[in-house]
Each structure stands twice: as structure tokens, then as C-alpha cells.
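Examination of the molecular architecture
Spelled out from the first residue to the last, the chains are:
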Amino acid sequence: QVQLVESGGGLVQTGGSLRLSCAASGRTFSMYSMGWFRQAPGKEREFVAHINRSGGSTRYADSVKGRFTISRDNAKNTVNLQMNSLKPEDTAVYYCAAGPGSIVLFTTASSYSYWGQGTQVTVSS
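Model, not experiment: these values are computed from the prediction.

For the coordinates displayed, the defined rule picks out four salt bridges. Between Glu 46 and Arg 38 there is a salt bridge whose closest N-O contact spans 2.6 Å. Assessed through its relative accessible area of 35%, Glu 46 is described here as partly exposed. The closest approach of N and O atoms between Lys 65 and Asp 62, which form a salt bridge, is 3.1 Å. Relative accessible area serves as the criterion here: at 65%, Asp 62 is assigned to the exposed category.

Pasting the structure below:
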């Protein structure tokens, strides 16, 4: 089992940057592929980014491609999301999630087994 705790959210102006971190418990972190999702008020949870077990492969939603970067440190059991050039439409609660190493549908929330509690990101215009 994996427990996930996000941090790093906050209030930032349009064009600013934030770095989210997700700390995972357990000794098997490197066996999981990791994802970031977000959910804005009144909207469904949506995929943001995914990274495979080794960190050698990353995927992004079109809406964040070129602005966000996902990374992981398996020695420290952490996964990060660097968010640059933030826009008001990036405002949401951001969640990290852990899924099987063999995950296929990495853009689908139901593919992930473990979730953090979320961290609020607010981008002011």
C-alpha cells in the first residue's frame, strides 16, 4: 500500500510558477507509475501528467504541455510537478496518484489505485 501527501500549492499571479511535490510512503515506490490530476469546482477530475516507474517516459495533457514538467526521485520517494506560465484556468485542486507499473490508460483516473488528499492551486488574473 502507498500513502501519498501533496504539498506546494498556493496563490500565484498569472504567469507565475509553482512546484508541487508528492511524498510517498512505503519501500515499493519505484514499482508504481505516477500521475497528477486536477479538479476545478464543478468540473470532473482531469489528467495533467504521467511519469513511468523509471522516470524515463512522461506524458502531458495538451493544456499543460510545454508549461508543466513532471519528475520523480525514486531514492526519495517523491514525484514533483513544476508548473510555469500559470494561467487562471489552471486553478484547481491538484492530486497525485499511484498506479500499477504496467498502466495503460494513464489518462484515466480509475486506472490509479492510490490518491493523495490534494493541494489547492489558485492563479489570479
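On we go.
Looking now at the nonpolar core. Core analysis: the largest hydrophobic core is formed by 36 residues, its most contacted members being Trp 36, Leu 81, Met 83 and Tyr 94. For this core, the elements supplying multiple residues, two or more each, are strand S3 (18-24), strand S4 (33-39), strand S5 (46-51), strand S7 (68-73), strand S8 (78-83), strand S9 (92-99) and strand S11 (119-124). Looking at this core element by element, the count peaks at five residues for S9.

Criteria and cut-off values
- Residues numbered from 1 in each chain as written.
- Predicted model: local features only at pLDDT ≥ 70, side-chain atom pairs only at ≥ 80, totals over all residues.
- Heavy atoms only, no water.
- Salt bridge = Lys/Arg side-chain N within 4 Å of Asp/Glu carboxyl O.
- Buried < 20%, exposed > 50% of the residue type's maximum accessible area, 1.4 Å probe, protein only.
- Core = buried A, V, L, I, M, F, W, Y, C linked by side-chain atoms within 4.5 Å.
- Helix = DSSP H or I, 4+ residues; strand = E, 2+ residues; numbered from the N terminus.

Nothing here speaks to function; it is all geometry.
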